Amino acid sequence: MGAKRDEPTVGLLVTCIADAMRPTVGFATLRLLEAAGCRVEVPTVQTCCGQPAYNSGDAESARTLAKRVVAAFERFDYCVAPSGSCMGMVKHHYAHLFRDDPDWAARHRAFAEGCHELLSFLHDVRGLRRSSIEDARYAGRVTYHHSCSGLREIGVREQAETLLRAVPGVDFVGLADPEACCGFGGTFCVKYPEISTSIVADKVADIEATGADTLVGGDLGCLMNIAGRLSRQGTGVRVYHTAEVLAGMADVPFGSQR
């Protein structure tokens, strides 16, 4: 990572799910970062961060992908991703993959210092307490899902609530059990579908109890999982990534068609 500047360079790690399933999140993240005074690039060589392989025990494939990410992003002042789970992988778990390779371990340590999840970057690094998008508005009663990785690995908690409460029109209400998992857990939901279904059912019950008409969160895997359950139960609760609300791009909810 280079020396930090007033107009820092940011490498945007779009993430696989955003690229394949919800490109709006990538564009919203880009808009937020540029409005926050950053010069943003999206390296075209980026692929997966390696988390699915790592979670499945394929350390060799995960290590190959980790090297590609470090090599692509280490030239920027910061690497930012709209995902707590992907950034948890990049910032923390790469250290395990490189533990027997001194050269790559050193490169990763230097690189990891500038790696941030989007909300923590906007709030903690850029000092924002509200969206820097002047026309950002959202009319609704909003609750927030804290993903396990974002909460426990990256430390995203008050940042999300602070930024969301400042959006005009948002009536924010917290969950009764904000630290509870949604049941997605990457490959966990595939390996243990019955347990995953039970966990997400509890999460949806908590969401419904708030009376919120909108759920937002910072991890697309979690949001897709919860949105699917909400849709099957016919709750009518709209689901968005936090970046979409903060950027004034909360248009089509998860599961809806244009």
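Each value, and the rule that gives it
Residues numbered from 1 in each chain as written. Predicted model: local features only at pLDDT ≥ 70, side-chain atom pairs only at ≥ 80, totals over all residues. Heavy atoms only, no water. Helix = DSSP H or I, 4+ residues; strand = E, 2+ residues; numbered from the N terminus. Buried < 20%, exposed > 50% of the residue type's maximum accessible area, 1.4 Å probe, protein only. Areas by Shrake-Rupley, 256 points an atom, 1.4 Å probe, with all protein chains shown as cover. Contact = heavy atoms within 4.5 Å. Axes fitted to C-alpha atoms, helices over the stretch in contact; angles between N-to-C directions. Parallel < 35°, antiparallel > 145°, perpendicular 65-115°, else oblique. Nonpolar A, V, L, I, M, F, W, Y, C, P; charged D, E, K, R; others polar. Pairing = 2+ DSSP bridges.

### Observations concerning the overall build of the protein
Along its length, the protein carries 13 helices and eight strands. In terms of overall dimensions, the protein has C-alpha extents of about 50 × 45 × 30 Å along its principal axes. Split into buried and exposed, the 258 residues of the protein put 51% on the buried side. Carbon and sulfur atoms provide 50% of the accessible area of the protein, an area that totals close to 11,400 Å².

### Some details on the environment of Thr-162
As for its placement among the helices and strands, Thr-162 is situated in helix 9 (residues 158–165). Counting along the chain gives 10 residues from Thr-162 to Phe-172, while the straight-line C-alpha distance between them is 9.8 Å. Beyond its immediate chain neighbours, meaning those up to four positions away, Thr-162 contacts His-123 and Arg-129.

### Some details on the packing of helix 11 (residues 193–210) against helix 12 (residues 220–232)
Two elements in contact, helix 11 and helix 12, have axes whose closest approach is 10 Å; the angle formed by their N-to-C orientations is 75°. It follows that helix 11 is roughly perpendicular to helix 12 by the angle criterion. Listed contacts from helix 12 to Thr-197, Val-200, Ala-201, Lys-203, Val-204 and Ile-207 of helix 11 are Asn-225, Ile-226, Arg-229 and Leu-230. Of the residues contributing to the contact of helix 11 with helix 12, the split by class is six nonpolar, two polar and two charged.

### Some words on the sheet that holds strand 8 (residues 238–241)
Two pairing modes exist for strands in a sheet, parallel and antiparallel, and in both the strands are linked by backbone hydrogen bonds. Taken in spatial order, the four strands of this open sheet run 6-5-7-8, and their pairing is parallel. The sheet is open, and its two edges are formed by strand 6 (170–172) and strand 8, each paired on a single side. Shown here is a sheet whose adjacent strand axes are inclined to one another by a mean of 35°, direction ignored. The pairing of strand 5 (residues 140–145) with strand 6 spans three bridges and is parallel. Directly across from Arg-141, in strand 6, lies its bridge partner Asp-171. In the packing of helix 12 onto the sheet, the strands contacted are strand 5, strand 7 (214–217) and strand 8, and the crossing angle to strand 8 comes to about 175°.

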